[in-house]
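Analysis of the macromolecular model
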Amino acid sequence: MDFLLDSGELPMLLWVVFFAAAVLSIGLGSVLSFHWLRYAMNPIAPIVAVISFAAVAFACLSVMFGVVTIAG
Amino acid sequence: MDTIHIEEGEHIILTVRKHWLILLRDSLGTLVVAVAPFVLFGMVSFAGFVPVVELANPYVVFATALWILLIWMTLAIIWTNYYLDIWILTDRRIFIIEQVGLFDRRVSTWGLERIQQITVEHQNVVEFMFGYGTLTVQTAGLSDHDLSTPGIPRPERVRTKILHQIGTIGRLEAMTKKQSEMIKTISHEAKGYLARDAAALAEIVEQPEGVPANVKKLAGSALGETRRGVSELMGILSGDAQQGEMTMERIRFDLVDTVRDAVELARPLAEAKGLALTVHAPSSLMFDGDPAKLRDVVIKNLIENAIHYTEKGSVTVSVSAHDGARISIADTGIGLSEDDRVKLFSEGGRGESARALNPHSTGFGLHIAKSIVEAHGGRIAALSDGRGKGSTFVVELPTLA
């Protein structure tokens, strides 16, 4: 890790990981939300699922973004 | 096919999702993997092998957030696969929906009438304790395979519901068969009486002399009615409308000739009431369909109805080409209220004054006529400006491809 810190590559790596995680969670979230909203028989369950998934994903990505910004 | 289509009149009886323990079992691996790094990290730090890293270290926070996000996404996929796997029992079919991964969704449908045997199995002590098991449905037919679904909660209850529903279908089928046989027996008996009446009336009508004119006229009218009754009973005896199965002929014929035939069949009835019965039609209009059913069950029926419900004035039959054909039967009779128009084409539906003016009406004629028109891909409608203002029945028949 030290050589990464010394070379200044770590912030860049964190940005790449952050963007990859953001793209993955948004993509997967879209696919899952489509399934929940289209196929669930209970009208409340998909809404709760979408909100829960988005809230946790948003919280994690916010933390990661905060770290990347500080490190950058 | 990835969605289910519940038919009109079909009711959902039971919706079953796999036991919650299945979700827990599937998630357990992910949860163990999720907490493993934290436990390991805590253990090695506690043992003093590595220095305790500050919790506020931004890189540890980043890695932790990333780890939680990945675990969260995995759990979401597992939950989706669990939540969208579902069994639906309706009063006619069983739907089995399986969500396999993110993009593969399989829907199988099984008619209850094909089910021969249902077995329930608890494969281990956990299943027995938590009250879930494997439900296996064996079906008839060479191409079918047994359907075995594990993880069904309270499978005995599901089996009982399915068996109960199969029993209900069997009872209904037997009852319908019995009713159909009874209708045919009664119709056959009644047809015999009506045929003898028709013969007697024909004898009176055809007498060259010795029968007063008014009696002859009355007998002629009664003969027309009796023949109509015989024809309707013949329709019942041939199966058709009562069984919900309509065998339709499809031949090319001249619709104008068919309409004129129907008019001529109804003319004695109009003359007996002193009504003018006129036809406006082109010389010819070719059409594909069942001429006998259109003539006897639709057009003649509508014309005779118009005559029955018209005390004075006229009945006018018009035929025109209109994206196929358009037949209208307009009368100067009692007219229709809004309520009449709504219930007119339903089974047994009749207008407010229908019973008084036409006590012999069964109320099924227009319903059957509507079925015939719809079987030709057309539509039938009743128009009226209100009570006492006459009515017009319109039949639109499209050109069949």
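Up top you'll find the structure we're talking about.
Here is what the cut-offs are and how they apply
- Per chain, residue numbering runs from 1 following the sequence as it is written.
- Chains and ligands are labelled by the order in which they are written, letters from A for the one and numbers from 1 for the other.
- For a predicted model such as this one, the threshold for reporting local features is a pLDDT of at least 70, and the threshold for listing and counting side-chain atom pairs is 80 or more; totals across whole chains, interfaces and linings nevertheless cover every residue.
- To get the side-chain values, all heavy atoms of the structure are used, and hydrogens and water are removed first.
- In this text, helices come from DSSP runs of H or I with a minimum length of four residues, and strands from runs of E with a minimum of two, each type numbered from the N-terminal end.
- A simple rule labels every residue: compare its accessible area, found with a 1.4 Å probe on the protein chains alone, to the largest value its type can have, and call it buried under 20%, exposed over 50%, or partly exposed in between.
- We call two residues in contact whenever any of their non-hydrogen atoms come within 4.5 Å of each other.
- Computed with a 1.4 Å probe, the accessible areas rest on the Shrake-Rupley method; for each residue, only the protein chains presented here act as cover.
- To get an axis, a line is fitted to the C-alpha atoms, and for a helix only the part in contact is used. The angle between two axes follows their N-to-C directions and goes from 0 to 180 degrees.
- An angle below 35 degrees is read as roughly parallel, one above 145 as roughly antiparallel, one from 65 to 115 as roughly perpendicular, and any other as oblique.
- Left-handed describes a crossing whose near helix is turned anticlockwise from the far helix through less than a right angle; right-handed describes the clockwise counterpart.
- Classification convention: Asp, Glu, Lys, Arg as charged; Ala, Val, Leu, Ile, Met, Phe, Trp, Tyr, Cys, Pro as nonpolar; all other residues, Gly among them, as polar.
- At least two bridges found by DSSP between two strands are what make those strands a pair.
- Here the expected span of a helix is defined as 1.5 Å times the quantity of residues minus one.

**What about the overall build of chain B?**
Secondary structure assignment for chain B yields 10 helices and 14 strands. Taking all 401 residues of chain B together, 37% fall into the buried category. In chain B, the share of contacts with a sequence separation of at least 24, taken over all contacts with a separation of at least 6, comes to 64%. Total accessible area on chain B stands at roughly 22200 Å², and carbon and sulfur atoms take up 59% of it.

**Side note on the packing of helix H3 (residues 44–71) of chain A against helix H2 (residues 58–83) of chain B**
The contact between H3 of chain A and H2 of chain B brings their axes to 9 Å, and the two run at 160°. Relative to H2 of chain B, the element H3 of chain A lies roughly antiparallel. The hand of the H3 of chain A/H2 of chain B crossing is left-handed. Of the residues belonging to the contact of H3 of chain A with H2 of chain B, the class tally is 25 nonpolar, 1 polar and no charged.

**Thoughts on the sheet that holds strand S6 (residues 132–139) of chain B**
Residue and element names in this part refer to chain B. Read from one edge to the other, the open sheet built from 3 strands follows the order S5-S6-S7, with strand pairing classed as antiparallel. Strands with a single pairing partner mark the edges of an open sheet, and in this sheet they are strand S5 (115–121) and strand S7 (147–153). Taking each pair of neighbouring strands and ignoring which way they run, the sheet shows an average axis angle of 25°. Here 5 bridges tie S6 to S7, and the two strands are oriented antiparallel to one another. Following the sheet pairing, Leu135 is matched in S7 by Thr149.

**Observations concerning the pairing of S6 of chain B**
Residue and element names in this part refer to chain B. When you tally the buried positions in S6, you get 7 out of 8 residues, the bulk of the element. Sheet analysis places S5 next to S6, joined by 6 bridges and oriented antiparallel. Within S6, the position partnered with Ile118 by the bridge is Val137.

**With respect to the environment of Phe53 of chain A**
The residue Phe53 of chain A is located in helix H3 in this model. The exposure class of Phe53 of chain A is buried, given its relative accessible area of 6%. Residues Phe53 of chain A and Ser33 of chain A lie 20 residues apart in sequence; the distance between their C-alpha atoms is 9.1 Å. Apart from the residues within four sequence positions on either side, Phe53 of chain A is in contact with Ser25, Gly29, Leu32 and Trp36 of chain A together with Trp72, Met73 and Ala76 of chain B.

**Looking at the sheet that holds strand S12 (residues 324–331) of chain B**
Residue and element names in this part refer to chain B. The mixed open sheet is built from 5 strands, whose spatial order is S9-S11-S12-S14-S13. With one partner strand each, in any of the chains shown, strand S9 (276–280) and strand S13 (379–384) form the two edges of the open sheet. Averaged over neighbouring strand pairs, the angle between their axes works out to 15° when direction is ignored. As judged from the 6 bridges shared by strand S11 (residues 314–320) and S12, these two strands associate in the antiparallel manner. When the sheet's bridge partners are listed, Val319 is paired in S12 with Ile327. Against the sheet, helix H6 (residues 255–273) touches S9, S11, S12 and strand S14 (391–398), its axis set at about 175° to S9. Its contacts with the sheet place helix H10 (residues 365–375) against S13 and S14, and it is angled at close to 25° to S14.

**Considerations on H3 of chain A**
Compared with the 40 Å implied by 1.5 Å per residue over 28 residues, the 41 Å span of H3 of chain A between its first and last C-alpha is a close match. Listed in full, the buried residues belonging to H3 of chain A are Ala45, Pro46, Ala49, Phe53, Ala57, Cys60, Leu61, Met64, Val67 and Val68 of chain A.

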